[in-house]
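# Breakdown of the fold
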Amino acid sequence: MPLRLDITLLNERYDAGGGEDPRSAEWPPHPARVFAALRAVASEEELEPLAELECLEPPVIHASGAKTLHSRGYVVTNHDLTISDLKNKKGGHQTHPARTSGFRQRTSSLPEDARVQFDWLDGDALCDGVVAELDRLARRVPYLGRSTSTVTLAFSRVADPTPLPGLTTYEPTIGRSPLSIRVPYPGYLDELNALYQDDQPAWQAAGPRARRFYREAGADADEETPAVDECLSAYPDLVILRFEELRPSGNLVSIFTEALRRKVMGQTEDPLPPALHGHGTPGLPHVAYLGLPFVGNEHADGQLMALAVAIPGLEHDERLRILRGILGEDPEREISLRVSGFRQAFKLRYAPDERLPYTSTVERWARASRTWATATPLVLDRYPKDHDLAAVVAESFVNAGLPEPHEVEVSKEPMLYGAVRLKPQELPKRCQGRLYTHARVTFDRPVHGPILAGAGRYFGVGLFAPEFEEERR
């Protein structure tokens, strides 16, 4: 018999933002979020039922329509006020004076019916004992999304998976559709466990593997867009460090990424992982250091809003050592960065849960798109003997392990609002003397970011930003 999960939203609201676009609401609740909530309440001895649940096919979802509510304001953060903050007259939270506050945008769904149901049609693969253990876990879950959306959960078997009256049924589909939902997959539990060990947020496990398209049951399949293979980035981890106070100009990107590189390598335990220094790993991507400029908006000025470290796919232990080298043992700690030519240190902060400014979020640089344009110039891998810059740019993508773009535009001038202009002497030292250009490339399929290409891709240049049709009109 099918396995059913009954969800009741006790406050008749669901406070959770969309994963890839934090400005959108998540509705209906995503099965991956429910799975993560179950993992959060489970002890190490209670993981086997979850390992069996993640192997089932994505569930059918029954939910009502919902209105979206947006709210903005300052909320208390986990960052304590320091003596330096007080000297600089940096204010704290009004209710919690010893803590700082951060600006957050909240998105909520107000459903017509507070009940939601998931049906796993292949749930008969689970024995009755596993179902009973899942139900015990479910009854311990206090909320989904944010703590303001309290819930009750209950698993059971149903002979007839007919939904409650008034609920709309959504079913998985192999074609593309506007409704993309995160679901657990085989190995999702291991991903959550690894993120917990690294003190990382659970949403980082919900990458492209967790995405499935859903459609309303009974919808005409001919109206769907045919499925398109998407290309994943070589960098599943992007650790972003936001500038707290002073924000440097974009043309200083190379000296700031070099300072970050020195700091990370100095803080990482010996022996350094090969992916960190890049020696002895020919043909494999290694850790890249990025400056994230404000680009793509008509008001963009190219200032560096954050620095970032892009980490390629690595074994868990090696990845953990690099993360500790970036953040130290305490990820809440403010990071102080000394940069050549500046007397004062620059303050950086790791805040993956904050959604503004958008430039300083993973979503800004990791979204899938067919069209990408340079935020910082691309340094050519070789000199174009035939003066065909576009061909060498396309070759740079292949050299970086990415698909070859089928359209390439090159320009001496930036092709995005705010994209960084660099003089030859402002390139990374390893790239000086080489040709460089701005570019826009289009692929025959969506490609996930971050996208890095060219000879300077590990040292702060050659960063591309996704473009979408509605942004180019």
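Our subject is the structure that appears above.
Residues numbered from 1 in each chain as written. Predicted model: local features only at pLDDT ≥ 70, side-chain atom pairs only at ≥ 80, totals over all residues. Heavy atoms only, no water.

## Observations concerning the overall build of the chain
Assigned secondary structure in the chain consists of 11 helices and 21 strands. In the chain, which comprises 473 residues, the proportion classed as buried is 50%. Sequence-distant contacts in the chain: of pairs separated by 6 or more residues, those separated by 24 or more amount to 80%. (Helix = DSSP H or I, 4+ residues; strand = E, 2+ residues; numbered from the N terminus. Buried < 20%, exposed > 50% of the residue type's maximum accessible area, 1.4 Å probe, protein only. Contact = heavy atoms within 4.5 Å.)

## Description of the sheet that holds strand S9 (residues 179-182)
With antiparallel pairing, the 7 strands of this open sheet are ordered in space as S7-S1-S6-S3-S8-S10-S9. If you trace the sheet from one side to the other, it starts and ends with strand S7 (151-157) and S9, each paired once. Taken over all neighbouring pairs, the strand axes of this sheet differ in orientation by 25° on average, direction set aside. Relative to S9, helix H1 (residues 31-41) is tilted by about 15°, and along the sheet it contacts strand S1 (3-9), strand S3 (60-63), strand S6 (115-120), S7 and S9. Relative to S7, helix H4 (residues 128-138) is tilted by about 175°, and along the sheet it contacts S1 and S7. (Pairing = 2+ DSSP bridges. Axes fitted to C-alpha atoms, helices over the stretch in contact; angles between N-to-C directions.)

## What about the pattern of salt bridges?
Close approach of charged atoms allows side chains of opposite charge to pair. Under the defined criterion, the tally for this structure stands at 21 salt bridges. Of the charged contacts, one joins Glu 46 and Arg 140 as a salt bridge, the two residues approaching to 2.8 Å between their closest N and O atoms. Here the residue Glu 46 occupies a position in the loop between H1 and helix H2 (48-53), and Arg 140 occupies one in the loop between H4 and S7, the gap between them amounting to 94 residues. With a shortest N-O distance of 3.3 Å, Glu 171 and Arg 215 are connected by a salt bridge. Taken together, the residues span a long stretch of sequence, with Glu 171 in strand S8 (residues 168-173) and Arg 215 in strand S10 (residues 211-216) at a distance of 44 residues. In this structure Glu 171 comes out as partly exposed when scored by relative accessible area, which is 23%. By sharing partners, the salt bridges in this structure join Glu 258, Arg 261, Arg 262 and Arg 430 into a single network. (Salt bridge = Lys/Arg side-chain N within 4 Å of Asp/Glu carboxyl O.)

## Let's talk about the sheet that holds strand S13 (residues 304-311)
Ordered by their spatial adjacency, 5 strands build an open sheet running S12-S13-S11-S15-S14, and the pairing between neighbours is antiparallel. Bordering the open sheet on either side are strand S12 (288-293) and strand S14 (335-337), each of which pairs with just one other strand. Neighbouring strand axes in the sheet, compared pairwise and without regard to direction, differ in orientation by 35° on average. For S12 and S13, the ladder comprises 6 bridges, and the chain directions are antiparallel. The partner of Tyr 289 across the bridge, within S13, is Val 309. On top of the sheet, helix H6 (residues 253-267) reaches strand S11 (237-243), S12, S13, S14 and strand S15 (346-350); it is set at about 140° to S12, its chief contact.

## Thoughts on the pairing of S8
Pairing of S3 with S8 involves 3 bridges; the strand directions are antiparallel. Across the sheet, Ile 61 pairs through a bridge with Tyr 170, a residue of S8. Bridge count between S8 and S10: 4 bridges; the pairing is antiparallel. Its bridge partner being in S10, Pro 172 is matched across the sheet by Tyr 214.

## As for the pairing of S10
Relative to S10, S9 runs antiparallel, the two being bridged by 4 bridges. Residue Ser 180 lies in a different strand from S10, and its bridge partner there is Phe 213.

## What about H6?
Side chains of residues three or four places apart in an α-helix project in the same direction, reflecting 3.6 residues per turn. The terminal C-alpha atoms of H6, which comprises 15 residues, lie 21 Å apart, in line with the 21 Å expected from a rise of 1.5 Å per residue. Taken residue by residue, H6 has Val 253, Ser 254, Phe 256, Thr 257, Ala 259, Leu 260, Arg 261, Val 264 and Met 265 as its buried positions. (Expected span 1.5 Å × (residues − 1).)

## Considerations on the packing of H1 against helix H5 (residues 188-197)
Relative orientation of the contacting elements H1 and H5 amounts to 55°, with a least axis distance of 11 Å. Taken together, the axes of H1 and H5 lie oblique to each other. Our pair here, H1 against H5, has a crossing hand that is right-handed. Residues Ala 32, Phe 35, Ala 36 and Arg 39 of H1 touch H5, and the partners they reach there are Tyr 188, Leu 189, Leu 192 and Asn 193. Of the residues that constitute the contact of H1 with H5, the class distribution is 6 nonpolar, 1 polar and 1 charged. (Parallel < 35°, antiparallel > 145°, perpendicular 65-115°, else oblique. Left-handed = near helix turned anticlockwise from the far one by under 90°. Nonpolar A, V, L, I, M, F, W, Y, C, P; charged D, E, K, R; others polar.)

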